[in-house]
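For reference, the chains in residue letters:
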Amino acid sequence: MGNTDTHGNIGSQETRLDFVRQIVAEDQKAGKWGGQVVTRFPPEPNGYLHIGHAKSICLNFGIASEFDGRCHLRFDDTNPEKEEQEYVNSIIEDVRWLKWDWGEHLYYASDYFERMHEYAVRLIEKGKAYVCDLTAEQTREYRGTLTEPGKNSPYRDRSIKENLDLFERMRKGEFPDGSRTLRAKIDMSHPNLNMRDPVMYRILHAAHHRTSDKWCIYPMYDWAHGLEDSIEGITHSICTLEFENHRPLYDWFLEQLDIFHPQQIEFARLNLSYTVMSKRKLLQLVQDGLVNGWDDPRMPTICGLRRRGYSPEAIRSFCRRIGVNKFNSTVDIALLEHCLREDLNKTSQRVMAVLRPLKVVIDNYPKGQAEDMEAVNNPEDPSAGMRKVPFSRELYIEREDFMEEPPKKFYRLAPGREVRLRYAYFVRCTDVVKDDNGNVVELHCTYDPSTRGGDAPDGRKVKATLHWVSAKHAIEAKVRLYDHLFTKENPAESDAGEDFKANLNPKSLEVLAGCQVEPSLGRARSLQRYQFERLGYFCVDPDGTEGRLVFNRTVSLRDPWARIQKAQQRD
């Protein structure tokens, strides 16, 4: 896995292991954990997964696959107020769609609530945990700051007997929400604020999506995290970098309980240009109606990328290329789109579609006649075969493929000029029809019957090849053209008094009606991916119905990342 710099450039270390895989390889070689490798992907079911989660998914499942281990899918469902079965279902769908398999190893933190409670009782019995009556605000005040030590809670020295009694009564629901917590007894002057008697349990009378009303005390993440890993026999607990300061607490809990102790390893999360990854910000976009739901094709969510036309192979390729680092950086979104184009170029069937139609009448083509032209389905894949595309006297071409007064270097259709129609004939423009406002509404052309298939027997050349569809046979469709959701590389950079939403791209979506596509697309299935020749890659949107096709532009054909790489090689 090659490491990358802040712009996602791939180094020359393609065969070198990243630092996480080096740790795993060394552990396995040394026989640590009995040579076993067990990882996990532990999402909280309080939102939809995004491209940043895909990096973690591919890292954890990838390592398990490469080292003949296993990876668990575990839902960290410890906060019933924010978690829903809807999110559980979407996460399962997304991980499966990325083509990772956890087999029988699907788990929930809530599976371990009873055991976590037993461990908490054990800490109380050891004098390492106590019930505290401070409010949340008081707890923050007593905690201290980075430069000042905290103060001991006045309830810190309660007896073990009293703590056991109060904790049991907390479990039975005798106290209101927020009135008491269970805290670890560590060190209120510890330089790491996470070690200053952290809260382990809070009282919360809320129904849980799996356990219903069985519990009214719920474990905090720092308490639950290590226990879940330990119970499942995780060997390498791979977390993002913000949990590095939490590792001493992770270790402390496991050491005090003297139970199986996994190794926590931190890596840098993914930051992507022109993109926000914060669940809070993404939720704001959805709730404020600035996007059309979590699966809006402009969103970085896995379901949004899937609807836009991304393939799992493209996302997995991207995650391999960006590598794994110990420092935060931002990856250029152009690299993600490059990986996408690479995959879609190999796998997408080519079709012809006209987004902004201009009618063409071939005056010397027989009226009422139609013929089938042989078209290549995918030049990158000979096994994809050929298809037949109907040709007739009246066609549509792209409006931008004609200019009445063409400038220099415009080689497409113009009055008196001859061009090639893809897979069909040479045609020459002979007349231009305009409406009362002077807008071009129709072209008249002649064709050369001897050029069938696209080549002239006399060897003459043309400088442009245009795509087209037969007016009589074409299917009308709606096409959505998507662009980056934000105008700034770092959407968080905003002027005083504004937030990230000020950088939303007002041109992130353009909807075209009345587009014309070749008739083979009448058989298109939801989410099927195509290359519209000369235009880009497109995907069938689920919004469409029979006879009313809707396509989303996945990405254009132009590849700025390839240009960036060439420029770097020249430098």
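These remarks concern the structure in this document.

1. So, the sheet that holds strand β5 (residues 181–184)
Here is step 1 of the chain: In spatial order, the strands read β4-β5-β6-β7; together these 4 strands make up an open sheet with antiparallel pairing. Lying at the two open borders of the sheet, with one neighbouring strand each, are β4 (129–132) and β7 (217–219). Across the sheet, the axes of successive neighbouring strands diverge by a mean angle of 20 degrees, strand direction being ignored.
Here is step 2 of the chain: Taken together, the 3 bridges between β5 and strand β6 (residues 199–203) define a ladder with antiparallel strand orientation.

2. Description of the packing of helix α2 (residues 51–66) against helix α11 (residues 312–322)
Here is step 1 of the chain: Where α2 contacts α11, the axes come no closer than 9 Å and their chain directions differ by 75 degrees. When the interaxial angle is binned, α2 and α11 end up roughly perpendicular. From α2, I51, A54, K55 and C58 reach across to α11, where they touch I315, R316, F318, C319 and I322.

3. Quick notes on unusual backbone geometry
Here is step 1 of the chain: Positive phi, normally seen in glycine, also occurs at K409, with a value near 75 degrees.
Here is step 2 of the chain: Examined against the element boundaries, K409 turns out to sit in the loop between β15 (394–398) and β16 (418–421).
Here is step 3 of the chain: One non-glycine residue, L527, adopts positive backbone phi at about 75 degrees.
Here is step 4 of the chain: Note on placement: L527 falls in the loop between β22 (509–517) and β23 (529–532).

4. A look at the pattern of salt bridges
Here is step 1 of the chain: Under the defined criterion, the tally for this structure stands at 44 salt bridges.
Here is step 2 of the chain: Notably, a salt bridge pairs E342 with R321, separated by 2.5 Å at the nearest N-O pair. Placement of the pair is E342 in helix α12 (residues 333–347) and R321 in helix α11, with a sequence separation of 21 residues.
Here is step 3 of the chain: Of the charged contacts, one joins D458 and R460 as a salt bridge, the two residues approaching to 3.0 Å between their closest N and O atoms.
Here is step 4 of the chain: Each of the salt bridges in this network shares a partner with another, and the network as a whole consists of R40, R74, E228, D229 and E232.

5. A short note on the packing of aromatic side chains
Here is step 1 of the chain: Per the counting criterion, the structure on display carries 19 aromatic pairs.
Here is step 2 of the chain: Aromatic pair F113 and W215: ring centres 6.0 Å apart, planes at 80 degrees, arrangement edge-to-face. Of this pair, F113 sits in helix α4 (residues 113–125) while W215 sits in the loop between β6 and β7, and the two are 102 residues apart along the sequence. You'll find F113 and W215 in the same group, each marked buried.
Here is step 3 of the chain: Put simply, the rings of Y365, F391, Y425, Y447 and W468 pair up and form one aromatic cluster.
Here is step 4 of the chain: Here the guanidinium or amino end of R180 rests over the ring plane of F175, the centre of that ring lying 4.2 Å away.
Here is step 5 of the chain: Geometry around Y108 places R210 over its ring, the cationic atom sitting 3.7 Å from the centre.

6. Regarding the packing of α4 against helix α7 (residues 221–232)
For any two helices packed against each other, the geometry comes down to the angle between their axes and how far apart the axes lie.
Here is step 1 of the chain: Contact pair α4 / α7: the axes reach a minimum separation of 11 Å and the direction vectors enclose 115 degrees. Our classification of the angle between α4 and α7 gives roughly perpendicular. The interaxial crossing formed by α4 with α7 has right-handed handedness. Mapping the contact onto sequence places R115, M116, Y119, A120 and L123 in α4 and W223, A224, L227, E228 and I231 in α7.
Here is step 2 of the chain: Split by residue class, the contact of α4 with α7 holds 8 nonpolar, no polar and 2 charged.

7. Describing the sheet that holds strand β21 (residues 475–482)
Here is step 1 of the chain: An order of β10-β23-β24-β25-β21-β22-β11 is seen for the 7 strands of this open sheet, with the pairing classed as mixed. The strands lining the two open edges of the sheet, one partner per strand, are β10 (349–351) and β11 (353–354).
Here is step 2 of the chain: Bridge count between strand β24 (residues 536–540) and strand β25 (residues 549–556): 5 bridges; the pairing is antiparallel. Residue Y537 lies in a different strand from β25, and its bridge partner there is V555.

Each value, and the rule that gives it
- Residues numbered from 1 in each chain as written.
- Predicted model: local features only at pLDDT ≥ 70, side-chain atom pairs only at ≥ 80, totals over all residues.
- Heavy atoms only, no water.
- Pairing = 2+ DSSP bridges.
- Helix = DSSP H or I, 4+ residues; strand = E, 2+ residues; numbered from the N terminus.
- Axes fitted to C-alpha atoms, helices over the stretch in contact; angles between N-to-C directions.
- Parallel < 35°, antiparallel > 145°, perpendicular 65-115°, else oblique.
- Contact = heavy atoms within 4.5 Å.
- Salt bridge = Lys/Arg side-chain N within 4 Å of Asp/Glu carboxyl O.
- Phe/Tyr/Trp six-rings, centres within 6.5 Å; stacked < 30°, edge-to-face > 60°.
- Buried < 20%, exposed > 50% of the residue type's maximum accessible area, 1.4 Å probe, protein only.
- Lys NZ or Arg CZ within 6 Å of the ring centre and 35° of its normal.
- Left-handed = near helix turned anticlockwise from the far one by under 90°.
- Nonpolar A, V, L, I, M, F, W, Y, C, P; charged D, E, K, R; others polar.

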